[in-house]
Amino acid sequence: MTFAQHSAAALAVALAEELARHITDVVICPGSRNSPLSLALIARPDVRVHSRIDERSAAFAALGMARVTGRHVGVVTTSGTAVANCLPAVVEARHAHVPLAIISADRPVDLVGTGANQTIEQRGLLTLPTIDVATVADLSMLVDAFTAPVVHINARFAEPLVAGLPLVPEPVARHNNYQLIGQVDHGVVDVDLRVRTLVIAGDEAWAVPGLEDVPTIAEPSAPTPYHPVHPLAAPVFAKTQVSAAGFVVDTKVEQVIVVGHPTLHRDVLKLVADPDVDVVVLTRTDTVTNPFRKQVRVGSRVKVTGQPTPEWLKICTAASDMAAATVREVLAEPEFGFTGLHVAAAVADTLGTGDTLFIGPSNPVRDCSLVGLPFDGVDTFTPRGVAGIDGNISQAIGVALATQARYPDQVRAPRTVAIMGDVTFVHDLGGLVSLPGSPQPENLTIVVANDNGGGIFETLEIGAEEYKPSFEQAFGTPHAVDIESLCVGFGHDYRRVETLSELVAALLDTIDSGGFTVIEALTQRDTRRQLHDVLKAKNAI
């Protein structure tokens, strides 16, 4: 079938052809202006098409898939505010260096500024360079577009929109031309491991050759280190000396090597800020993690001299073991009740090799760090680019979809577990909408640690006693949302638990049952501040 060069049908078919060279998955949203492209993509057997009602949820679902695949996932929207709804996911993608492609439909350029319905200036709306295409010839501008981490393509479709488009799939040869997202090479840094050295590994970290034997404080989405150090042990390494078993030992870290983008623990980041500590930052992107604006050495690789001393390894192991034991001791104390930290422990203790974990921001990711993650053999993803609570249900679903797509021939889809707080869950309820005809998560469990509000604020400065009169209105924000009714209304399996043992049993049940299950763990937050104070006090040396 042939079309006029400038028709909407011609542009849609050619654009779908070009997109199929770079992506395997695209999320489409209902709309008139994007209808030719949606039909053209559905007609291609070499592209998996996912449907979402809400553009924000669509963009975050695509982001979740892209975190797993490392390749661009497309999002197709209509014109107007639909495009703007993709901005939160674009911001996270840019800061986390996750590939994402927004393909917005638009009206002809001569209608912009005329008051034409649903018409705004979409170029630059997402704070990205915009590739504006109006004809098939304009698609030549996309040749190198997908070398950029985040792409915005603005396709202008003139009426008639769908005349002549194929309504049923036609056999098309697959011809993917995937391009790797370019990494930034900052060169080699010389490091002497004979001095007291710690690695602090955050999101986007990788296993750096030469640093395998260095004690490492690793955040949950970093690779599992060979010599892990618990984050609660960080204050030990800020002290010049400590006394233990009648001996005085030097514990002050002399050199910190930052890998990736660590953000979670204040006491850990204080080691980086310490003016007496030499800092090396390793990155493979254009972002150098240095919020303290220290004089640092930057590289992407290391040339190592020497190795950690046996004494330093013993000190790090002892401090880490004491911190890890402290967490488990505190969890066993009944005075704190059933908290989000207990929920994280239950999730961690029921993970198995080959599982995939998605962790929401705020308390859950910190709690998971305190109970021992990262774990070897468990792929872990968490939104640490800008650490927003938006779109987390959608991202978890995207992670599950991409994970199961890796193993299409398995009888049972690989297990994905997500943990998030109640405010985060409520923030993305639209992500629970399941549309017929779209791929569905086949083995996803979302655990909601529900303390009826913003539990993380209990542990911050604003959780102090003097702010209590205004705390609930401004920060606690109790919502009393009936999560069970919502899950039933959206058609998802639901389980409610009120104790640690009930949660462990429910998680173990989902290992065999599969499907899409939401487990609501009813927790408390009024003991949060006390719990954290006790953790610090017990670990003080």
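Here the structure is a predicted model, which means the values were calculated and not measured.

A. Spotlight on empty space enclosed by the protein. Summed over the entire model, instances satisfying the criterion amount to one cavity of 30 Å³ or more. Estimates place the volume of the largest cavity at around 70 Å³. If you trace the largest cavity, you find 13 residues lining it, with R52, V433, S434, Q440 and P441 closest to the centre. Partitioned by chemical class, the residues of the lining of the largest cavity number seven nonpolar, five polar and one charged.

B. Representation of the side chain of H72 within the structure. Inspection of the secondary structure assignment puts H72 in the loop between helix 3 (55-69) and strand 3 (74-77). Side-chain polar atoms of H72 contact the backbone oxygen of A148, separated by 2.8 Å. For H72, the side chain forms a polar contact with the main-chain oxygen of P149, separated by 3.1 Å.

C. Summary view of the sheet that holds strand 2 (residues 48-51). One open sheet accounts for six strands, arranged 2-1-3-4-6-5; its pairing is parallel. Each end of this open sheet is capped by a strand with a single partner; those strands are strand 2 and strand 5 (130-133). Averaged over neighbouring strand pairs, the angle between their axes works out to 20 degrees when direction is ignored. Relative to strand 6 (residues 150-156), strand 4 (residues 100-106) runs parallel, the two sharing seven bridges.

D. Highlighting the packing of aromatic side chains. Per the counting criterion, the structure on display carries three aromatic pairs. Judged by centre distance (5.6 Å) and plane angle (65 degrees), the rings of F237 and W312 are edge-to-face. Of this pair, F237 sits in the loop between strand 9 (216-218) and strand 10 (241-244) while W312 sits in helix 7 (residues 310-331), placing them 75 residues apart in sequence. Among the residues examined, F237 registers a relative accessible area of 0% and is labelled buried. Its relative accessible area of 3% is what places W312 among the buried residues. On the numbers, 6.0 Å between centres and 45 degrees between planes, the contact of F471 with F475 is tilted. With F471 and F475 both in helix 12 (residues 468-476) and four residues apart, the pair spans about one turn of that helix. Under the relative-accessibility criterion, F471 is labelled buried at 1%. Residue F475 is classed as partly exposed on the basis of its relative accessible area, which comes to 27%. Here the aromatic cluster, defined as three or more aromatic residues joined through ring pairs, consists of F457, F471 and F475.

E. Up close: the pattern of salt bridges. Inspection of the entire model under this criterion finds 25 salt bridges. Linking E121 and R123 is a salt bridge whose minimum nitrogen-to-oxygen distance equals 2.8 Å. Ionic pairing is found between D192 and R194, a salt bridge with its closest N-O pair at 2.9 Å.

F. The UniProt feature "domain: Thiamine pyrophosphate enzyme TPP-binding" (unreviewed entry) in the protein chain, seen in detail. UniProt feature "domain: Thiamine pyrophosphate enzyme TPP-binding" (unreviewed entry): in the numbering of this structure it lies at residues 392-520. Counting secondary structure, residues 392-520 comes out at 40% helix and 19% strand; the distance between its end C-alpha atoms is 16 Å.

G. The environment of T380, seen in detail. Tracing the backbone shows T380 in strand 17 (residues 379-381). Given a relative accessible area of 10%, T380 falls into the buried group. With sequence-adjacent residues up to four places away left out, T380 is seen in contact with P220, S221, L357, I359 and L373.

H. Highlighting the environment of H532. By the secondary structure assignment, H532 is in helix 15 (residues 528-539). In this structure the C-alpha to C-alpha distance between H532 and V330, which are 202 residues apart in sequence, comes to 9.5 Å. Once you skip the residues sitting within four places of it in the chain, H532 turns out to touch L370 and T459.

I. Broad picture of the domain arrangement of the protein chain. If you check the domain split of the protein chain, you get domain 1 (8-156), domain 2 (188-322) and domain 3 (333-539). The C-alpha-based centres of domain 1 and domain 2 are spaced at 41 Å.

J. Molecular detail of the sheet that holds strand 14 (residues 297-299). The five strands lie next to each other as 9-8-12-13-14, forming an open sheet whose pairing is parallel. Looking at the sheet topology across the chains shown, the edges are occupied by strand 9 and strand 14. Sheet twist, expressed as the mean angle between neighbouring strand axes with direction ignored, is 20 degrees. In this structure, strand 8 (residues 197-201) lies alongside strand 12 (residues 255-259), joined through five bridges in parallel fashion. Each bridged residue has a counterpart across the sheet, and for A201 the counterpart in strand 12 is V259.

K. The nonpolar core, seen in detail. Within the largest apolar cluster, 59 residues are counted, with the highest numbers of intra-cluster contacts made by L198, F237, L357, V371 and L503. Here the element with the most residues in this core is helix 7; it accounts for eight residues. Apart from the residues lying within four places of it in its own chain, the contact partners of F237 are L198, V229, T251, K252, V253, L271, W312, I315, C316 and A319. Formed by 46 residues, the second largest nonpolar core is a distinct cluster that contains V68, V98, V399 and F425.

Criteria and thresholds
- Residues numbered from 1 in each chain as written.
- Predicted model: local features only at pLDDT ≥ 70, side-chain atom pairs only at ≥ 80, totals over all residues.
- Heavy atoms only, no water.
- 1 Å grid on protein atoms, 1.4 Å probe; cavity = no way out; pocket = protein on both sides within 12 Å on 5 of 7 lines; lining within 4 Å.
- Points joined across faces, edges and corners; volume = space filled by probe spheres on them.
- Nonpolar A, V, L, I, M, F, W, Y, C, P; charged D, E, K, R; others polar.
- Helix = DSSP H or I, 4+ residues; strand = E, 2+ residues; numbered from the N terminus.
- Polar contact = N/O pair within 3.5 Å; in protein donor to acceptor, adjacent residues only side chain to side chain.
- Pairing = 2+ DSSP bridges.
- Axes fitted to C-alpha atoms, helices over the stretch in contact; angles between N-to-C directions.
- Phe/Tyr/Trp six-rings, centres within 6.5 Å; stacked < 30°, edge-to-face > 60°.
- Buried < 20%, exposed > 50% of the residue type's maximum accessible area, 1.4 Å probe, protein only.
- Salt bridge = Lys/Arg side-chain N within 4 Å of Asp/Glu carboxyl O.
- UniProt positions renumbered as here; feature names shortened; annotations may be inferred.
- Contact = heavy atoms within 4.5 Å.
- Domains from an automatic or database assignment.
- Core = buried A, V, L, I, M, F, W, Y, C linked by side-chain atoms within 4.5 Å.

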